[in-house]
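Summary of the model geometry
This is what each chain is made of:
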Amino acid sequence: GAENMRFSACTGIDNIAEAITLLELNNWDLVAAINGVIPQENGIFQSEAADAAAGGTVPPLSSSSSSSSPPSSSTSAFCPVSPTSRHIVERQPRMLNFRVEYRQRSVELVLEEGSTVGEIKNILETELGVPVSKMQLKGWKSGDVSDTTVLRSLHLPKNNSLYVLTPDIAPTASTSKNSALQESLNQNFLLVISHREAQRDYSLNFPGSRTIQEVKRNISDLTNIPVRHQQWEGWPASASDDSMTLAVSGISYPCHHLSVCRRLSPANAQEPTEECADVHMISDSEGDDFEDASEFGVDDSEMFGMGSSSCRKSPMMPENSENEADALLHFTAEFSSRYGETHPMFFIGSLEAASQEAFYGKARDRKLLAIYLHNDESVLSNVFCSQMMCADSIVSYLSQNFITWAWDVTKEANKARLLTMCTRHFGSVVTQTIRTYKTDQFPLLLIVMGKRTSNEVLNVIQGNTTVDELMMRLMGAMEIFTAQQQEDIKDEDEREAREMVKREQDEAYRLSLEADRKKREAQEREEAEQVRLEQMRKEQEEEKEAIRLSLEQALPPEPDEESGEQISKLRIRTPSGEFLERRFLGSCKLQVLFDFVASKGYPFDEFKLLTTFPRRNITQLDPGSTLLEAKLFPQETLFLEAKE
């Protein structure tokens, strides 16, 4: 509280929320916080006494940076510094972590808060190969910022998530999977949010680039429920981080239903705690506005650690959760509320689902399973959570190598539920081991490795440990796991190679059978076609023969030479060189001649009948005219010729 009053006096910042936020960002280092607001030359702040000793002139510490204003002699313009701090203090630069997503890539950056947005883009240009001129850096909580903006002026938390858009650069084939994400960032999501206490629904449109944290802030404005007091239902399990954009959170498109209500405030909860300040002082890591002390049911003196009243906090996990996923969602929200957003990403789902995720994928994708067991009745819980589980090195190592699942055993019903789950998945030995630990030995961190036959607990880490020891034991477990994983990868590769050979052989055999089948079918089709053609030819011949016989039977009888009538004797040469000879009455029609020729196998529509000299085409004459009229009397030699 005293630091806050000194800070306000030095900087002229009367807003208590802003003052506390700036102090928290500098770990309550008063000098560093003042330098962050009013940076001095070379990052050095000099007290009035130190300056007086040096005989120099100190410019007044105010929010104005104008060089034309005269130095102020008012003592309120200077920050009162205790005798122990009357010396030049080197300001330690505050480092900021950035995780930048671009299509299928992710880049981790660490920069001083004195850097500019443009410097981030220059680094990303080198890392991603994307020109700065075509790069849009998104995800800033304050909206779009210019390249010259200094990071310090944005009052960012330590850990930040950003993403790069390049609308002028078409995605390549390797980034085709990310095109859906790019499209989702530009889509609008309709969130239908039910405020349970007020029995009112809000239908709100948000772009896919909006973060979950920004949605919660908007709901805070609509419902007057501070972000830290909001209890949600309906977020998918994949929406595990409030810094996620709606596009990647897994919510339904185009419409998703949620509900929100006010969580039981710490002042009215029934669980006593050892650390009151953690509940009321910690601010949301995404820069959530500091709520008034009345929201927590405490006065200013209690807020600044000057009161002696006890505080209470809501349980990490309710007793009546319908399923493990709901319990884990509540656990994660409460853990973030108490200890901040920098913590391991807890798996949202049942212990069985967490085991499946860790143990039963491809060998290269398998991970160790870390089971965190929390107990609020242990005096070690707050220290272990805030100092161990929230340490950057531990969070990073767990995120990379472990699936982290958590459970709260404070309530007997929840502890019994856990023991039942452990018996089902790990056997009675592990269950008995957990049962033997006393309350003051909690929290526990169980490291479990999946094996072919059964799951094995490699290590049980108790709450009375240090960050270094915890990291060493995690690395030891990881070493054992890696050795086993390499064997599994080798076995899996060999098995896949054998299966690949078998698949190739099966495919070759299938193709051979297919080729034989096609060849057989082609042969069958050809034979069937030959049979059909032969049948057709036979039918045609039979039809021709029937016509020939019919014509032959219809011909008038050949007259005798001594009949006394005019007789025409015709000699017809066939294409094969043979001759057909027959007598006809001179009064016979030409049609009788044509029918005679057809009855010998030379139908009228296929052959033409010609005279030798002079050459005449008899078939072109009128079939009703007589042989005498056609001048085929008393005798004539004709020849047959196929029509073209």
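The protein chain is annotated in an unreviewed UniProt entry as UBX domain-containing protein from Sphaeramia orbicularis.

Right, let's get into the overall build of the protein chain. Of regular secondary structure, the protein chain possesses 17 helices and 20 strands. Expressed as a percentage of the 644 residues in the protein chain, the buried residues total 43%.

In this section: the pattern of salt bridges. For the coordinates displayed, the defined rule picks out 31 salt bridges. Of the charged contacts in the structure, one is a salt bridge between Glu541 and Arg537, with a shortest N-O distance of 2.4 Å. Highlighted residues: Glu541 and Arg537, both in helix H16 (residues 467–554), separated by four residues, approximately one helical turn. The partner of Glu606 in a salt bridge is Lys544, with the nearest N and O atoms 3.7 Å apart. In this pair, Glu606 sits in the loop between helix H17 (590–599) and strand E19 (607–611) while Lys544 sits in helix H16, placing the two residues 62 residues apart along the sequence.

Next up on the list: the nonpolar core. With 58 residues, the main nonpolar core has Phe335, Leu369, Trp405, Trp407 and Leu474 as its most contacted residues. Apart from residues no more than four positions distant in its own chain, Leu474 is found in contact with Ile394, Tyr397, Leu398, Phe402, Leu445, Ile447 and Ile461.

This part covers the sheet that holds strand E20 (residues 635–642). Within a sheet, adjacent strands bond to each other through the backbone by hydrogen bonds, running parallel or antiparallel. On the basis of which strands lie adjacent, the open sheet formed by four strands has the order E18-E17-E20-E19 and mixed pairing. Because the sheet does not close on itself, it has two edges, and the strands there are strand E18 (579–585) and E19. The mean inter-strand angle of the sheet, taken between neighbouring strand axes irrespective of direction, is 30 degrees. Here E19 runs beside E20; their pairing, made up of five bridges, is antiparallel. Directly across from Phe607, in E20, lies its bridge partner Ala642. Where H17 meets the sheet, it contacts strand E17 (567–573), E18, E19 and E20, and its direction lies at approximately 150 degrees from that of E18.

In contact at an axis separation of 8 Å, H16 and H17 are set at 135 degrees when each is read in the N-to-C sense. Comparing the axis directions of H16 and H17 gives the class oblique. H16 and H17 meet at a crossing whose hand is left-handed. Each of Arg548, Leu551 and Glu552 in H16 lies in contact with H17, whose residues at this interface are Asp595, Ala598 and Ser599. Here the contact of H16 with H17 is built from residues that sort into two nonpolar, one polar and three charged.

Another point: H17. Across the ten residues of H17, eight count as buried, placing the element largely inside the fold. Turning to H17, its buried residues number three or more, namely Leu590, Val592, Leu593, Phe594, Phe596, Val597, Ala598 and Ser599. Tucked inside the fold, the buried residues of H17 contact H16, E17, E18, E19 and E20. Phi turns positive, to about 100 degrees, at Gly601, one or two residues after H17.

The rules behind each value
Residues numbered from 1 in each chain as written. Predicted model: local features only at pLDDT ≥ 70, side-chain atom pairs only at ≥ 80, totals over all residues. Heavy atoms only, no water. Helix = DSSP H or I, 4+ residues; strand = E, 2+ residues; numbered from the N terminus. Buried < 20%, exposed > 50% of the residue type's maximum accessible area, 1.4 Å probe, protein only. Salt bridge = Lys/Arg side-chain N within 4 Å of Asp/Glu carboxyl O. Core = buried A, V, L, I, M, F, W, Y, C linked by side-chain atoms within 4.5 Å. Contact = heavy atoms within 4.5 Å. Pairing = 2+ DSSP bridges. Axes fitted to C-alpha atoms, helices over the stretch in contact; angles between N-to-C directions. Parallel < 35°, antiparallel > 145°, perpendicular 65-115°, else oblique. Left-handed = near helix turned anticlockwise from the far one by under 90°. Nonpolar A, V, L, I, M, F, W, Y, C, P; charged D, E, K, R; others polar.

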